[in-house]
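# Structural features, examined
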Amino acid sequence: MSAAEEQRVQDAVRRHARTRAFTEAEDVISAVLSDPGVQEARERVEAAETEMGMELGGRLQAFQDRYDQAVAAGDADGLAGLCGGKHGRWGRICVLPGGHETSMEEPHWGRNGEGRPIAWVGSAPDDW
């Protein structure tokens, strides 16, 4: 077997192992997330986030308005100054200024996928 063929085989084995590991991890995560206790905890967290979002809405709505205007106008500079906090899987983008967690001591705030105000603590990557 030539060195190039051997390298292709090794690469294929690594890809297969990585794909299998990701598949197994997704299966475990799905099993954990389907647990009734985990689902109940998630529902309580979502209810608290929605309640907190509504409570902060009056004070923070101006930030949502600025975000909406920046999106409509294609204002890249305006969008670049926003907080990087998001929960992409749930359609949440924080509309507060970058660094707000330390300077304003506020949670992330924006709207959920259904358009309701929501506040949350922490961030997750878009594909989480």
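Notes on the structure follow. These numbers come from a predicted model, not from an experiment.

## Structural notes on the pattern of salt bridges
As enumerated under the stated definition, the model contains five salt bridges in all. A salt bridge links Glu-24 to Arg-20; its shortest N-O distance comes to 2.9 Å. Here Glu-24 and its partner Arg-20 are both found in helix 1 (residues 3-33), four residues apart, which amounts to about one turn of the helix. Here Arg-116 ties to Glu-114 by a salt bridge, and the two come within 3.5 Å at their closest N and O atoms. Its relative accessible area of 60% is what places Glu-114 among the exposed residues.

## What to know about the environment of Glu-101
Along the chain, the position of Glu-101 falls in helix 4 (residues 100-103). Distance from Glu-101 to Gly-85, taken between C-alpha atoms, is 9.7 Å for residues 16 residues apart in sequence. Each residue touching Glu-101, except ones within four places of it in the same chain, is listed here: Cys-83, Glu-106 and His-108.

## Overview of the packing of aromatic side chains
Counted by the stated rule, this structure contains zero aromatic pairs. Positioned above the aromatic ring of Phe-63, the side-chain terminus of Arg-66 is 5.0 Å from the ring centre.

## Considerations on the environment of Leu-33
Here Leu-33 is to be found in helix 1. The contact partners of Leu-33, leaving out residues within four places of it in the chain, are Val-38 and Gln-39.

## Some points on the side chain of Gln-64
Inspection of the secondary structure puts Gln-64 in helix 2 (residues 36-73). The contact partners of Gln-64, leaving out residues within four places of it in the chain, are Val-95, Trp-109, Gly-110 and Arg-111.

## Digging into the nonpolar core
If you look at the biggest cluster of nonpolar residues, it comprises 12 residues: Leu-56, Leu-60, Phe-63, Tyr-67, Cys-83, Cys-94, Val-95, Leu-96, Trp-109, Ile-118, Ala-119 and Trp-120. At four residues, the largest contribution of residues to this core is made by helix 2. Look past the residues within four positions of Val-95 in its chain and what remains in contact with it is Phe-63, Gln-64, Tyr-67, Leu-82, Trp-109 and Gly-110.

Calculation notes
- Residues numbered from 1 in each chain as written.
- Predicted model: local features only at pLDDT ≥ 70, side-chain atom pairs only at ≥ 80, totals over all residues.
- Heavy atoms only, no water.
- Salt bridge = Lys/Arg side-chain N within 4 Å of Asp/Glu carboxyl O.
- Helix = DSSP H or I, 4+ residues; strand = E, 2+ residues; numbered from the N terminus.
- Buried < 20%, exposed > 50% of the residue type's maximum accessible area, 1.4 Å probe, protein only.
- Contact = heavy atoms within 4.5 Å.
- Phe/Tyr/Trp six-rings, centres within 6.5 Å; stacked < 30°, edge-to-face > 60°.
- Lys NZ or Arg CZ within 6 Å of the ring centre and 35° of its normal.
- Core = buried A, V, L, I, M, F, W, Y, C linked by side-chain atoms within 4.5 Å.

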